[in-house]
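Structural features, examined
Read off the chains here:
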Amino acid sequence: LDTHEEIKTHIHVATMINRNNGSDPEAAGRQKVIQTQLNSKTRAVLCRLQGIDRSLYSEIDPLHLPEVLSLIGRHHGCEELYLALSSSVMALFATVNMKKCIQQERAYHTIRAVEYRAIAAEHAAKVQQLDAKLAAMEEEEAAAGNEGDIDFNHRSNKRRRK
């Protein structure tokens, strides 16, 4: 196709989208953006036709990039999503507040440390209770002179059958 035919084809596609979304211009606009600007091959053709040579993602507010990337993934698949991510990864990192991330991670681990100390204290209290029971049993045995002491650790004197 020559340049004029390519332009006519894209105009025809845009016109069809407008017709299909008749009374909803917002839906028509969204569909045109999804089909043209969020598809790397179509966008490259349109840029070439218009003489534009710069990245679309550099002009999108980084706070909106996750939503744009989600649209790309849903409508154009993994390959397009990968291309979009590789083009926009630096803009995404620019939105991360590292100090806030570290503060949140610190808070998480502080809470976990408190929880684990509480669990350790519960176990230590249980050990003390069991030690007290054992001590009381040993005192009773000593007072009774070891009468009635049953040794469960001895082996049976019965011969085993082969």
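The structure contained in this document is the topic of the report that follows. Here the structure is a predicted model, which is why all the values come from computation and not from measurement. In this convention, every chain numbers its residues from 1, walking through the sequence in written order. Where totals are concerned, whole chains, interfaces and linings use all residues; where local detail is concerned, this predicted model gives features only for residues with pLDDT of at least 70, and gives and counts side-chain atom pairs only at 80 or more. Excluding hydrogens and water, the side-chain values take into account all heavy atoms of the structure.

**Focus on the pattern of salt bridges**
The working definition used for a salt bridge is a side-chain nitrogen of Lys or Arg within 4 Å of a carboxyl oxygen of Asp or Glu. Inspection of every chain in the model, using the stated rule, returns two salt bridges. A salt bridge links Arg 30 to Glu 26; the nearest nitrogen and oxygen atoms lie 3.2 Å apart. Here Glu 26 and Arg 30 lie together in helix α2 (residues 25–37), a separation of four residues that amounts to about one turn. Of the charged contacts, one joins Glu 115 and Arg 112 as a salt bridge, the two residues approaching to 3.3 Å between their closest N and O atoms. You can see Glu 115 and its partner Arg 112 sitting in helix α5 (residues 98–144), three residues apart, about one turn around the helix. Strands are runs of DSSP state E lasting at least two residues, helices are runs of H or I lasting at least four, and both sets are numbered from the N terminus onward.

**Regarding the side chain of Thr 36**
Looking at where Thr 36 falls in the secondary structure, it is placed in helix α2. Excluding residues within four positions of it along the chain, Thr 36 makes contact with Thr 42, Arg 43 and Leu 46. Two residues qualify as a contact provided that any one of their heavy atoms is within 4.5 Å of a heavy atom in the partner residue.

**Some remarks on the nonpolar core**
We call a set of buried Ala, Val, Leu, Ile, Met, Phe, Trp, Tyr and Cys residues a nonpolar core when their side-chain atoms join them within 4.5 Å. Using a 1.4 Å probe on the protein chains alone, a residue whose accessible area is under 20% of its type maximum counts as buried, one over 50% counts as exposed, and one in between counts as partly exposed. The biggest cluster of nonpolar side chains holds nine residues, and these are Ile 34, Leu 38, Ile 60, Leu 65, Val 68, Leu 69, Leu 71, Ile 72 and Ala 84. Looking at this core element by element, the count peaks at six residues for helix α4 (residues 65–94).

**With respect to the packing of α2 against helix α3 (residues 40–50)**
Interaxial angle, 0 to 180 degrees, is taken between N-to-C directions of lines fitted to C-alpha atoms, where a helix line uses only the stretch in contact. Running from N to C, α2 and α3 point in directions that differ by 90 degrees, and their axes come no closer than 6 Å. As summarised for this structure, α2 and α3 are arranged roughly perpendicular, according to the angle between their axes. Within the contact between the two elements, α2 uses Gln 35, Thr 36 and Gln 37 and α3 uses Thr 42, Arg 43 and Leu 46. Residue classes follow a fixed rule: Ala, Val, Leu, Ile, Met, Phe, Trp, Tyr, Cys and Pro count as nonpolar, while Asp, Glu, Lys and Arg count as charged, and any other residue, Gly among them, counts as polar. The residue makeup of the contact of α2 with α3, split by class, is one nonpolar, four polar and one charged. Comment on the angle field: the value is read as roughly parallel under 35 degrees, roughly antiparallel over 145, roughly perpendicular from 65 to 115, and oblique elsewhere.

**What to know about the side chain of Glu 80**
Note that Glu 80 resides in helix α4. Charge assignment: positive for Lys and Arg, negative for Asp and Glu; neither His nor the chain ends contribute. As a buried residue without a salt bridge, Glu 80 has its nearest oppositely charged side chain in Lys 41, at a separation of 4.8 Å. Ignoring any residue separated from it by four or fewer positions in sequence, one finds Glu 80 in contact with Leu 38, Asn 39, Ser 40, Lys 41 and Ile 72.

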